[in-house]
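Letter by letter, the chains look like this.
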Amino acid sequence: MTEETVEQILVCRDVKKTYITRKRGKRLRTEALNGLSFSMEKGDRLGVLGPSGCGKSTLLKCILGLERPDGGEIAFARRAGFVAQDPYSSISPRLTVEQIIEEPLLYGRMGIGRRERRERVREAMGQMRLDYEKYRRRYPHQLSGGERQRVSIARAVIASPEILVLDEPASMLDYGVKGEIAELLLNSCERLGASLLLVTHDVAFARRMCGRLLVMDGGKEVESGWTEQIYKEPQADFTARLFYAAEDIGRYWEEKDRLALHRQKFI
């Protein structure tokens, strides 16, 4: 009997990234990523969780090719859809909704004619609960924040990606809209058979979206495993404090600021 081949969507091996900056005449060394390793298989929904300054954003930039790691290896899926945090700056104000969503089909050199592109845009908008005739000619300034983020998701899924990469996709939205965005993202992953990588500091949103969690601090893994298991019985004190602080917004900001200052080292 042959073993079923596991399809790897993302593999990070011993990834490292250090920034050297100057502050008050001194050199400041920040180890944004310090030997981080993890992998994702087809269909995985992984949440990378941690406070600001833990290395999440740097990891995302390295995965997307926006930063080059100092060491280690990253093997990534061929087709990825990306949804950014800010629905106000992540889409061009000069393009209509139809033109924004159509972009991956044009610049991905998929050889699709105008008629088929239009039909795909219509389908993607319908999946995001955006009426095609009502919204296709609108510009971003004519949309609410939730509508803009739905446009961003439609753009991310239109080319049938293997993985959706999400950078705090609901952090700038009202609580009620967060639930709708979460539902649309999960439905999209199920429909496409796509994996999902969520980078966030929002414990509740990560718990809702992800089957597995990777908790980060200081550019390294603190702990990882099934979401509910970690949430109910965290093994690391850092994770327990993170979850505890997230239940109280004041305590959350105090903990976040303390951890951010702790990570910086003068050299």
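Refer to the structure printed above.
What you see is a predicted model; the values in this text were computed from it and never measured.

Analysis parameters
- Residues numbered from 1 in each chain as written.
- Predicted model: local features only at pLDDT ≥ 70, side-chain atom pairs only at ≥ 80, totals over all residues.
- Heavy atoms only, no water.
- Helix = DSSP H or I, 4+ residues; strand = E, 2+ residues; numbered from the N terminus.
- Expected span 1.5 Å × (residues − 1).
- Buried < 20%, exposed > 50% of the residue type's maximum accessible area, 1.4 Å probe, protein only.
- Contact = heavy atoms within 4.5 Å.
- Disulfide = S-S within 2.5 Å.
- Pairing = 2+ DSSP bridges.
- Axes fitted to C-alpha atoms, helices over the stretch in contact; angles between N-to-C directions.
- Phe/Tyr/Trp six-rings, centres within 6.5 Å; stacked < 30°, edge-to-face > 60°.
- Lys NZ or Arg CZ within 6 Å of the ring centre and 35° of its normal.
- Left-handed = near helix turned anticlockwise from the far one by under 90°.
- Nonpolar A, V, L, I, M, F, W, Y, C, P; charged D, E, K, R; others polar.

(A) Examining helix H6 (residues 175-192) more closely. Its 18 residues place the ends of H6 26 Å apart at the C-alpha level, agreeing with the 26 Å of an ideal helix rising 1.5 Å per residue. Turning to H6, its buried residues number three or more, namely Lys-178, Gly-179, Ile-181, Ala-182, Leu-184, Leu-185, Ser-188 and Cys-189. Residues of H6 that are buried sit in contact with helix H3 (114-127), helix H5 (145-157), strand E6 (163-167), strand E7 (195-200) and helix H7 (203-209). Looking one or two residues past H6, Gly-193 carries a phi angle of roughly 70°, positive in sign.

(B) Region of interest: the state of the cysteines. Counted by the stated rule, this structure contains 0 disulfides. Cys-210 takes part in no disulfide bond, and the closest cysteine sulfur, belonging to Cys-189, lies 9.4 Å away.

(C) Representation of the sheet that holds E6. Read from one edge of the open sheet, 6 strands run E5-E6-E7-E3-E8-E9, paired in mixed fashion. Strands at the two margins of the open sheet, each flanked by one partner only, are strand E5 (80-83) and strand E9 (220-226). Pairs of neighbouring strands in the sheet enclose a mean axial angle of 15°, with direction left out of account. Looking at chain direction, strand E3 (residues 45-49) and strand E8 (residues 212-217) are connected through 4 bridges and run parallel.

(D) Structural view of the environment of Ser-188. The residue Ser-188 is located in helix H6 in this model. By relative accessible area, which is 0% here, Ser-188 ends up buried. Other than its neighbours up to four places away in sequence, Ser-188 contacts Met-128, Ile-153, Val-157 and Leu-164.

(E) Here's a closer look at the packing of aromatic side chains. Counted under the stated rule, the structure contains 1 aromatic pair. Ring centres of Tyr-231 and Phe-243 lie 5.3 Å apart, and the angle between their planes is 40°; on these two criteria the pair is classed as tilted. Taken as a pair, Tyr-231 in helix H8 (residues 227-232) and Phe-243 in helix H9 (residues 237-246) lie far apart in primary sequence, 12 residues in all. Over the ring of Tyr-135 we find Arg-138; its NZ or CZ atom is 4.7 Å from the centre of that ring.

(F) Up close: the packing of helix H2 (residues 97-107) against H3. Between H2 and H3, the least distance of the axes is 10 Å, while the angle of their chain directions is 120°. Note on packing geometry: the crossing formed by H2 with H3 is right-handed. Here H2 contributes Val-97, Glu-98, Ile-101, Glu-102, Leu-105 and Leu-106 to the contact with H3, which in turn contributes Arg-114, Arg-117, Arg-118, Arg-120, Val-121, Ala-124 and Met-125. Broken down by class, the residue content of the contact of H2 with H3 amounts to 7 nonpolar, no polar and 6 charged.

Keep in mind these numbers describe shape, not what the thing actually does.
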